[in-house]
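# Structural overview
Here's the letter readout for the chains.
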Amino acid sequence: MSFPKVVLGGGLLAGLLAAPPAEARFGKRSDSNETSKPVHKASAIGANDGDSKQEDENQNRSPKTTTVSSTEDSFEFRDSSASDDAAAIILGAVFELLFSGVGEAIAATGTHHGHDIDAPDASPQRNSLRHAVPFSFRAGVLASPIEGGMGVDFDVGWDVRRFGVDLRLSRLMGTREGTTSRDARTLGEMHVTFSPLVRQDLRLRAEAGVSTVDLPGRVYVGPSLGMSVEACVLGPLDAEARLQVTPVPYQQVDARAGLALHLGSLMLRGGARYLALDSEVAPRGLALGFTPEFGMGFTF
């Protein structure tokens, strides 16, 4: 081989050895500035593609979802508290209106409101007639602490001008000697009344009817007579007294006297009571006689 050919072959061999290795590619040319795409993790053969997708979604999910859920729960809690507060305010307002309305009704009604002093020539109103009103209704309860027990008295009555009705029920409870058992009696009275004297400051009633007393296994019923009076003392303060007698088939004497303070249609009462019964019908262990009594009632 000639010397020029040897030199040319050696130069070509040296150029091939010095050149960088070539990159084999097919299709589009690569760009070094292009952002690399996320690579899907390899999964085992036979694995469910749906599970892999769900895992990828959970990993790529934004944390804002948890924040939104927490915020919604907070809003729901605040709405519930606000609803409870609103309900409490509404109920409080309703009860306040109810009680204030009842108080105003009690203060505005009743039979013991004074006459208008600024118009002395004007015709008297119904509430200024006091005991002379054409129609009145009364109801009350009185308690008597008796030695060895307790007495409770309930009464209801009404007057239509001079005629009326008076109904009473007394419950006497005593303790038997040497035992802890209770011995109780119920006394009842049903009277019709007639008022021979009716004035603005005074009403006198005559009463007649029947009285009853219950015993274990039997009930006594007898005639009953009575008398009662109500009189104004000072302003809304009244004096009250009543006497009732049953002569047969058992003997009963029931007398009481006291004061009644009229606060509109509400009455506050206090006084003394004397009650006497036959030993045969009286509850055992109860020392009858004079006792204090107190209570309340309504009159319209």
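Turning next to the overall build of the protein chain. Per the secondary structure count, the protein chain includes three helices and 10 strands. The secondary structure elements of the protein chain, listed N-terminal to C-terminal, are α-α-α-β-β-β-β-β-β-β-β-β-β. The burial tally for the protein chain puts 26% of its 300 residues in the buried class. On the protein chain, roughly 19,900 Å² of surface is accessible, and the fraction owed to carbon and sulfur atoms is 64%.

Turning our attention to unusual backbone geometry. The omega angle of the peptide bond from Val248 to Pro249 is -5°, so this bond is cis rather than trans. Of note, Pro249 is situated in the loop between strand S7 (237-246) and strand S8 (252-263). A positive phi is found at Arg130, a non-glycine position, where the angle reads about 55°. If you trace the backbone, Arg130 turns up in the loop between helix H3 (64-108) and strand S1 (135-146).

Take His191: it is sitting in strand S4 (residues 182-199). Of note is the side chain of His191, whose polar atom sits 2.8 Å from the side chain of Glu207. Within the local environment of His191, its side chain forms a polar contact with the side chain of Ser224, the two groups lying 2.7 Å apart. With residues near it in sequence (within four places) discarded, His191 still touches Val165, Asp166, Glu207, Ala208, Gly209, Val210, Ser224, Leu225, Arg242 and Gln244.

Formed by Ile146, Leu172, Leu187, Val213, Leu215, Tyr220, Tyr250, Leu275, Leu277, Val281, Ala282 and Leu286, the largest nonpolar core amounts to 12 residues. Breaking this core down by element, the ones donating at least two residues are strand S5 (202-215) and strand S9 (266-277). Those residues within four positions of Leu277 in sequence are excluded, and the remaining contacts are Leu172, Leu187, Tyr250, Gln251, Gln252, Ala282 and Leu288.

Reading around the circumference, S1-S2-S3-S4-S5-S6-S7-S8-S9-S10 is the order of the 10 strands in this closed barrel, with antiparallel pairing throughout. Averaged over all pairs of adjacent strands, the angle between strand axes in this sheet comes to 20°, irrespective of strand direction. Pairing of S7 with S8 involves 10 bridges; the strand directions are antiparallel. Looking at S8, one finds that Val245 is bridged to Val253.

Let's shift gears to the confidence of the model for the protein chain. Where the model shows low pLDDT, its predicted coordinates should not be examined in detail. Summing up the model confidence of the protein chain, the mean pLDDT is 76 and the portion of residues at 70 or higher is 61%. Long-range and interchain partners of residues 26-36, a stretch whose pLDDT sits below 50, account for one contact in this model, where long-range means more than four residues apart. Note that residues 115-119 has pLDDT below 50 and, in this model, five contacts with residues that lie over four places away or in other chains.

This part covers the pattern of salt bridges. All told, the structure shown has 18 salt bridges when counted by the stated rule. Asp159 is the partner of Arg205 in a salt bridge, and the nearest nitrogen-oxygen pair spans 2.8 Å. Residue Arg205 is located in strand S5, and its partner Asp159 is located in strand S2 (residues 149-160); the two are separated by 46 residues in the primary sequence. Assessed through its relative accessible area of 0%, Asp159 is described here as buried. Ionic pairing is found between Arg273 and Asp254, a salt bridge with its closest N-O pair at 2.9 Å. Separated by 19 residues along the polypeptide, Arg273 in strand S9 and Asp254 in strand S8 bring together distant segments of the chain. By the burial criterion, Arg273 is buried, and Asp254 matches it.

With that settled, the discussion passes to the environment of Gly148. Here Gly148 is to be found in the loop between S1 and S2. Overall, the relative accessible area of 36% leaves Gly148 in the partly exposed class. Between the alpha carbons of Gly148 and Thr175 there is a distance of 6.2 Å; along the sequence they are 27 residues apart. The residues contacting Gly148, other than those within four sequence positions of it, are Met173, Gly174, Thr175, Arg182, Gly285 and Leu286.

Counting across every chain of the model gives four aromatic pairs. Aromatic pair Phe163 and Phe194: ring centres 5.2 Å apart, planes at 50°, arrangement tilted. With Phe163 in strand S3 (residues 163-175) and Phe194 in strand S4, this residue pair connects regions lying 31 residues apart in the sequence. When its relative accessible area of 37% is taken as the criterion, Phe194 is described as partly exposed. Ring centres 6.0 Å apart and planes at 50° place the aromatic pair Tyr220 and Tyr250 in the tilted group. Separated by 30 residues along the polypeptide, Tyr220 in strand S6 (residues 218-234) and Tyr250 in the loop between S7 and S8 bring together distant segments of the chain. Summarising the burial analysis for this pair, Tyr220 and Tyr250 share the class buried.

Conventions we followed
- Residues numbered from 1 in each chain as written.
- Predicted model: local features only at pLDDT ≥ 70, side-chain atom pairs only at ≥ 80, totals over all residues.
- Heavy atoms only, no water.
- Helix = DSSP H or I, 4+ residues; strand = E, 2+ residues; numbered from the N terminus.
- Buried < 20%, exposed > 50% of the residue type's maximum accessible area, 1.4 Å probe, protein only.
- Areas by Shrake-Rupley, 256 points an atom, 1.4 Å probe, with all protein chains shown as cover.
- Polar contact = N/O pair within 3.5 Å; in protein donor to acceptor, adjacent residues only side chain to side chain.
- Contact = heavy atoms within 4.5 Å.
- Core = buried A, V, L, I, M, F, W, Y, C linked by side-chain atoms within 4.5 Å.
- Pairing = 2+ DSSP bridges.
- Axes fitted to C-alpha atoms, helices over the stretch in contact; angles between N-to-C directions.
- pLDDT = per-residue confidence, 0-100.
- Salt bridge = Lys/Arg side-chain N within 4 Å of Asp/Glu carboxyl O.
- Phe/Tyr/Trp six-rings, centres within 6.5 Å; stacked < 30°, edge-to-face > 60°.

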